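Listed here are the chains, written in short residue letters.
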Amino acid sequence: MLTAYTADQVRDAERELMARVPEGSLMQIAATGLAAVCARLLPSVYGARVALLVGSGDNGGDALYAGARLAARGARVEAVLAGSRTHEAGLAALLEHGGRIADESALDAADLIVDGLVGIGATGALREPYAALARRAGEADALVVAVDVPSGVDAGTGEVAGAAVRAHVTVTMGACKTGLLVDPGAGFAGALEFVDIGLGPHLPDADTGALTGADVADLLPRPVAESDKYRRGVVGIVAGSESYTGAAVLAVGGALRAGAGMVRYAGTSAPVAQVRAAWPEAVITELDGPDLGGVGRVQAWVLGPGLGTGGFARELAAQVLASDVPVLVDADALTLAAGERALLRRTAPTLITPHAGELSRLIGVPGARIEAARLEHARRAAAELGVTVLLKGSTTVVAEEDRPVRVNRTGTPWLATAGTGDVLAGVAGALLAQGLSCYDAGSCAAYVHGVAGRLAADGVPLVTTDVVAAIPEAIRSLG
Ligand SMILES: NC(=O)C1=CN([C@@H]2O[C@H](COP(=O)(O)OP(=O)(O)OC[C@H]3O[C@@H](n4cnc5c(N)ncnc54)[C@H](OP(=O)(O)O)[C@@H]3O)[C@@H](O)[C@H]2O)[C@@H](O)CC1
Ligand SMILES: Nc1ncnc2c1ncn2[C@@H]1O[C@H](COP(=O)(O)OP(=O)(O)O)[C@@H](O)[C@H]1O
Ligand SMILES: [K+]
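Rules used in this analysis
Residues numbered from 1 in each chain as written. Chains lettered and ligands numbered in written order. Predicted model: local features only at pLDDT ≥ 70, side-chain atom pairs only at ≥ 80, totals over all residues. Helix = DSSP H or I, 4+ residues; strand = E, 2+ residues; numbered from the N terminus. Rg over C-alpha atoms; globule rule 2.2 N^0.38 Å. Buried ≥ 20, exposed ≤ 12 C-beta atoms within 10 Å, placed from the backbone. Contact = placed C-beta atoms within 7 Å. Near = placed C-beta within 6 Å. Pairing = 2+ DSSP bridges. Axes fitted to C-alpha atoms, helices over the stretch in contact; angles between N-to-C directions. UniProt positions renumbered as here; feature names shortened; annotations may be inferred. pLDDT = per-residue confidence, 0-100. Arc of directions from axis to C-beta. Nonpolar A, V, L, I, M, F, W, Y, C, P; charged D, E, K, R; others polar. Parallel < 35°, antiparallel > 145°, perpendicular 65-115°, else oblique.

**Q** Outline the overall build of the protein, supporting the account with residue identities and numerical values.
**A** Helices and strands together make up the secondary structure of the protein, namely 18 helices and 19 strands. Taken over the C-alpha trace, the protein has a radius of gyration of 25 Å; the compact-globule value for 479 residues is 23 Å, and the two agree within 12%. Once the C-alpha set of the protein is aligned to its principal axes, its extents read approximately 85 × 40 × 40 Å. Burial statistics for the protein: of 479 residues in total, 56% are counted as buried. Across the protein, contacts joining residues at least 24 apart in sequence account for 71% of those joining residues at least 6 apart.

**Q** Please provide a residue-by-residue account of the site of ligand 2, values included.
**A** Taken together, 18 residues are adjacent to ligand 2, and His355, Lys392, Leu415, Ala416 and Gly421 come closest. Of all the elements, helix H16 (residues 420-433) adds the most residues to the shell around ligand 2, at 4 residues.

**Q** Before we move on, could you go through the sheet that holds strand S12 (residues 262-267) and cite the residues and values that matter?
**A** In spatial order, the strands read S8-S1-S10-S19-S18-S17-S16-S15-S14-S11-S12-S13; together these 12 strands make up an open sheet with mixed pairing. The two strands at the open ends of the sheet, each matched to only one other strand, are strand S8 (176-177) and strand S13 (283-286). With 2 bridges connecting them, strand S18 (residues 397-399) and strand S19 (residues 405-407) associate as antiparallel partners. Counted as the bridge partner of Val398 is Arg406 from S19. On top of the sheet, helix H17 (residues 438-457) reaches strand S16 (350-352), strand S17 (388-391), S18 and S19; it is set at about 10° to S17, its chief contact.

**Q** Account for the UniProt feature "domain: YjeF C-terminal" (unreviewed entry) in the protein, naming residues and giving values.
**A** Under the UniProt annotation, "domain: YjeF C-terminal" (unreviewed entry) lies at residues 212-478. As annotated, residues 212-478 has a helix share of 46% and a strand share of 13%, and its two end C-alpha atoms lie 9 Å apart.

**Q** Please provide a residue-by-residue account of the confidence of the model for the protein, values included.
**A** Looking at the protein as a whole, the pLDDT averages 97, with 100% of positions reaching at least 70. Here the prediction assigns the complex a pTM of 0.96, and the interface score ipTM is 0.96.

**Q** Explain helix H10 (residues 269-278) residue by residue, including any values.
**A** Looking at H10, one finds that the buried residues are Pro271, Val272 and Val275. One side of H10 carries all its buried residues, which in axial view fall inside an arc of 105°. For H10, the exposed residues set more than 90 degrees away from the buried face come down to Ser269 and Ala277.

**Q** Pulling in residues and values, what's your account of the site of ligand 1?
**A** Neighbouring ligand 1 are 30 residues, the closest being Gly57, Asp58, Asn59, Gly119 and Gly121. Of all the secondary structure elements, the ones that give two or more residues to the shell around ligand 1 are helix H1 (7-18), helix H2 (25-41) and helix H3 (58-72). Looking at the shell around ligand 1 element by element, the count peaks at 4 residues for H3. Partitioned by chemical class, the residues of the shell around ligand 1 number 13 nonpolar, 12 polar and 5 charged.

**Q** An account of the UniProt feature "binding site: AMP" (unreviewed entry) in the protein is requested, with residue identities and associated values reported.
**A** With numbering aligned to this structure, UniProt lists the feature "binding site: AMP" (unreviewed entry) at Lys392, Gly393, Ser394, Thr395, Thr396 and Gly421. These annotated residues cover 30 residues of sequence, and their C-alpha atoms all fall within 13.6 Å of one another, placing them together at a single site. Looking at where Ser394 falls in the secondary structure, it is placed in the loop between S17 and S18. Residues in contact with Ser394, not counting those within four places in the same chain, are Asp183 and Pro413. Inspection of the secondary structure puts Thr395 in the loop between S17 and S18.

**Q** Got a sec to walk through the packing of helix H9 (residues 246-257) against helix H18 (residues 464-476)? Specific residues and values, please.
**A** One way to put it is that H9 packs onto H18 with a least axis distance of 9 Å and a crossing angle of 10°. Judged on the interaxial angle alone, H18 and H9 are roughly parallel. Counted together, Leu250, Gly253, Gly254 and Arg257 of H9 and Thr464, Val468, Ile471 and Pro472 of H18 form the full contact between these two elements. In terms of residue class, the contact of H9 with H18 is made up of 4 nonpolar, 3 polar and 1 charged.

Dropping the structure here:
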């Protein structure tokens, strides 16, 4: 599990640690690690042109000391001093090893730019001249390495309020920051490198976490000798309609591929015909009216993809949500719930899987604001609605009250195509039926779905059925 922390959490931990170690030693460890990453990225340190963007705080100090180390190895290091003050000892070290102070044109000729404008001490959008320097760094041909966080990205949330440095690599000190994992910030961070400064014992419970492949492999249920199809988990799927048949096929496919012992599908004649043709494994109930009485027992439900929002759909939704088993609520069922919040008031666990537009209707916040501050709104929805929230999009996050938000690090923008959410719903529903909690089912499903998306796309456009087909390989790849 990768864990991440807010700026305040890291600052408090640093304060505790600093009280026990010689002054300045943490910065030396940080700068040594930073210089080592920079050296690895350069074909040759000797003769390389390195430009340092230096702000007024300790983030700039890290950059200056790292620059001094690179200068000592023969790099031509130039520092662009952006702040009203500069870390004096760091600057002295740089000058002593042959570095020099330069103006911003140093960025244009650099092989490597080190962004030490601001780190966890930043507040609000970057001010001038920092913002202009961040933009200029983005226009340069150089590799860009951010110190601790890309300047302009909020370390605690990933929000980007104005200009920000777009880094190829971010070298983060002491602990990963939440803002490096969540878009839009994650998109500015590039590859993450971690420098251990001994903060571990001083850190509180994590703010956010990201599952690794090994974590998901441990959490995914595997059949044992005594397993039978019922004990492996039966998932009921109420999805699709006369107008939207594909959603049913995709959700059933996701659930079957994610290892449900049995998938029971209930729908009207058109989606039933499609599901029957695509998935002979599915156990099907064709509905004449809005009554799920004949479907049989299930351990979890998936409700909503392509279901429609009329009276028939509302009746089915009410029956599913009145059940005493976990329910995954997606798509049209979320629209129904937005108009009738009481539908979500249940005693059994509920996992909702909105994209920003659907969450917007549920909590009355514009979609663009949700996209800009995904963590805040996923947390808020979980608290307000008393459910587990899987917020889809560029960074999928899973929020549940009193638990660190799980941030998904797999996936690809190629997944932004119709129907992929239906597959995700099927996968997560199958995991719920197999006994995983909403929190684990949601985060494992997002992980596997993201890997399947990457395998299916592999640099070219995918179609949603490719994602379903790639699920077995995605699960195999977990190790
Ligand atoms: N503590 C430790 O042991 C270790 C710390 N480490 C390192 O220190 C970093 C934290 O250093 P920090 O606390 O000095 O803050 P930092 O991020 O450099 O910037 C703060 C200054 O920036 C300015 N400023 C703020 N907002 C701004 C804005 N929007 N736009 C423009 N300017 C803005 C403001 O300056 P002012 O405006 O007052 O001139 C403020 O004073 C941390 O990220 C890590 O890299 C590592 O070495 C490990 C050991
Ligand atoms: N920019 C993006 N980057 C990565 N994944 C994305 C992006 N946009 C959408 N996705 C993923 O694609 C899927 C789309 O689901 P959804 O919005 O429900 O679409 P649909 O209703 O057509 O199935 C989700 O898993 C979502 O996380
Ligand atoms: K920085």
